[in-house]
Amino acid sequence: MRDGGVSVGTYASLNLGLHVADDPAHVVVNRRLLEEWAGGTVAFATQRHGVEVAVVDPVVGTDPAPTSVGEFDALVSATGAGVAILVADCVPVLIADPVAGVVGAVHAGRAGLAAGVVQEAVAAMVRLGARPDRMRAAIGPSVCGECYEVPAELRAEVSAVVPAAWARTSWGTPSLDLPAGVAATLAVAGVRSVERVAICTLTDERFYSHRAQRDGGATGRFAGVIRRTPPDPGRVGGDR
Ligand SMILES: [Zn+2]
């Protein structure tokens, strides 16, 4: 959700992206608000639409916390660090193995999904002791298959790798259903418990949308954030 922060104008109000020409001081305040909500430090990365996964430990004694842990499109943690990825139409995916206490946040846009970022994140969590059959995943708000129009060649290219992403817009032209592609990819990876939030960022004004800025104008980023909470390791954080 984009409400509850201090950014103004096109970035109003809880913009968490530092790379979008918003006032960095506002973004830092917004990230602090998010950390208060999450109950601990939250790590962000610089996203590149790739498949690199970072293993994150909690930030201790560093003030302010680093603005980015590096160039990664998925962050995983087994040590209680909050991990977040930034989106504004791409798919935020949150994964937890509540038994192992391992969590992950994945930025799954068109390129990352096709390149295998979801599988890479699951594999990284397994290396930290998680098991796919115990994982619970949440697919957050993103542009939906009925809205995400792409050229026919691009649809063919992506659906050759992720068949479930093949879709048509509500007006009948080629499109990609990225959340459906993520859900199918998680299932193939052995993740049985997958919840999807049926919210389209393009049409729901509570969320930032890159594609909804029809003039090519700037907008903010919201985050998918997840953190293991020690007293109740089963709790899975929501989208904020
Ligand atoms: Zn839509």
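Residues numbered from 1 in each chain as written. Predicted model: local features only at pLDDT ≥ 70, side-chain atom pairs only at ≥ 80, totals over all residues. Heavy atoms only, no water.

- In the annotation of an unreviewed UniProt entry, the entry for the chain reads Laccase domain-containing protein, and the organism field reads Pengzhenrongella frigida.
- Taken verbatim from the UniProt record of the chain, the Sequence similarities (unreviewed entry) comment is "Belongs to the purine nucleoside phosphorylase YfiH/LACC1 family." (UniProt positions renumbered as here; feature names shortened; annotations may be inferred.)

## A look at the coordination of the zinc ion
For step 1, the next point in the chain: For the zinc ion, the protein coordination sphere consists of Cys-144 (SG), Cys-147 (SG) and Cys-200 (SG), at 2.2 to 2.3 Å.
For step 2, the next point in the chain: Here the donor residues of the zinc ion are spaced in sequence according to C-x2-C-x52-C. With Cys-144 in the loop between β7 (136–139) and α4 (152–161) and Cys-200 in the loop between β10 (193–196) and β11 (222–226), this pair connects stretches of sequence that are 56 residues apart.
For step 3, the next point in the chain: Residue classification places Cys-144 among the partly exposed positions, given a relative accessible area of 22%. (Donors = N, O, S within 2.8 Å, 3.2 Å for Na, K, Ca; no water. Helix = DSSP H or I, 4+ residues; strand = E, 2+ residues; numbered from the N terminus. Buried < 20%, exposed > 50% of the residue type's maximum accessible area, 1.4 Å probe, protein only.)

## Quick word on the pairing of β11
For step 1, the next point in the chain: A large share of β11 lies buried, amounting to 5 of its 5 residues.
For step 2, the next point in the chain: On β11, burial covers both faces: Phe-222, Gly-224 and Ile-226 on one face and Ala-223 and Val-225 on the other are all buried.

## Quick look at the sheet that holds β10
For step 1, the next point in the chain: Read from one edge of the open sheet, 6 strands run β2-β3-β6-β5-β7-β10, paired in mixed fashion. Sheet topology places β2 (53–55) and β10 at the edges, where each strand pairs with a single neighbour. Between one strand axis and the next, the sheet turns by 15° as a mean value, whatever way the strands run.
For step 2, the next point in the chain: The pairing of strand β5 (residues 91–97) with β7 spans 4 bridges and is antiparallel. Paired with Leu-94 across the two strands is Ala-138, which belongs to β7.
For step 3, the next point in the chain: Contacting β2, β3 (74–77), β5 and β6 (102–108), helix α3 (residues 117–127) crosses the sheet at an angle of about 165° to β6.
For step 4, the next point in the chain: Packed onto the sheet, helix α5 (residues 178–188) meets β5, β6, β7 and β10 and runs at close to 25° relative to β5. (Pairing = 2+ DSSP bridges. Axes fitted to C-alpha atoms, helices over the stretch in contact; angles between N-to-C directions. Contact = heavy atoms within 4.5 Å.)

## Describing the nonpolar core
For step 1, the next point in the chain: The biggest cluster of nonpolar side chains holds 35 residues, and the ones touching the most others in it are Val-93, Ile-95, Val-106, Val-118, Val-182 and Leu-186.
For step 2, the next point in the chain: Mapped by element, the contributors of at least two residues to this core are β3, β5, β6, α3, β7, α4 and α5.
For step 3, the next point in the chain: No other element matches α3, which puts 6 residues into this core.
For step 4, the next point in the chain: Not counting the four nearest positions on each side in its chain, Val-106 is found in contact with Asp-73, Ala-74, Ile-85, Val-91, Pro-92, Val-93, Ile-95, Val-117, Val-118 and Ala-121.
For step 5, the next point in the chain: Core analysis: the second largest hydrophobic core is formed by 19 residues, Ala-45, Val-56, Val-87 and Ala-96 among them. (Core = buried A, V, L, I, M, F, W, Y, C linked by side-chain atoms within 4.5 Å.)

## Details of the sheet that holds β11
For step 1, the next point in the chain: With respect to topology, 3 strands assemble into an open sheet ordered β1-β4-β11, the strand pairing being mixed. Looking along the sheet, the strands with just one partner apiece sit at the ends: β1 (42–43) and β11.

## Remarks on the packing of α3 against α5
For step 1, the next point in the chain: Here α3 crosses α5 at 40°, and the two axes come no closer than 9 Å. By the angle between their directions, the pair α3 and α5 is classed as oblique. Along this stretch, α3 crosses α5, giving a crossing that reads as right-handed. Within the contact between the two elements, α3 uses Val-118, Gln-119 and Val-122 and α5 uses Val-182, Thr-185 and Leu-186. (Parallel < 35°, antiparallel > 145°, perpendicular 65-115°, else oblique. Left-handed = near helix turned anticlockwise from the far one by under 90°.)

## Description of α4
For step 1, the next point in the chain: Of the residues making up α4, those classed as buried are Leu-154, Arg-155, Val-158 and Ser-159. Projected down its long axis, α4 shows its buried positions confined to an angular sector of 115°, all on one face. Exposed side chains of α4 directed beyond 90 degrees from the buried face belong to Glu-153, Glu-157, Ala-160 and Val-161.
For step 2, the next point in the chain: As for α4, its buried residues are in contact with α2 (110–115), β8 (166–168) and β9 (174–176). (Arc of directions from axis to C-beta.)

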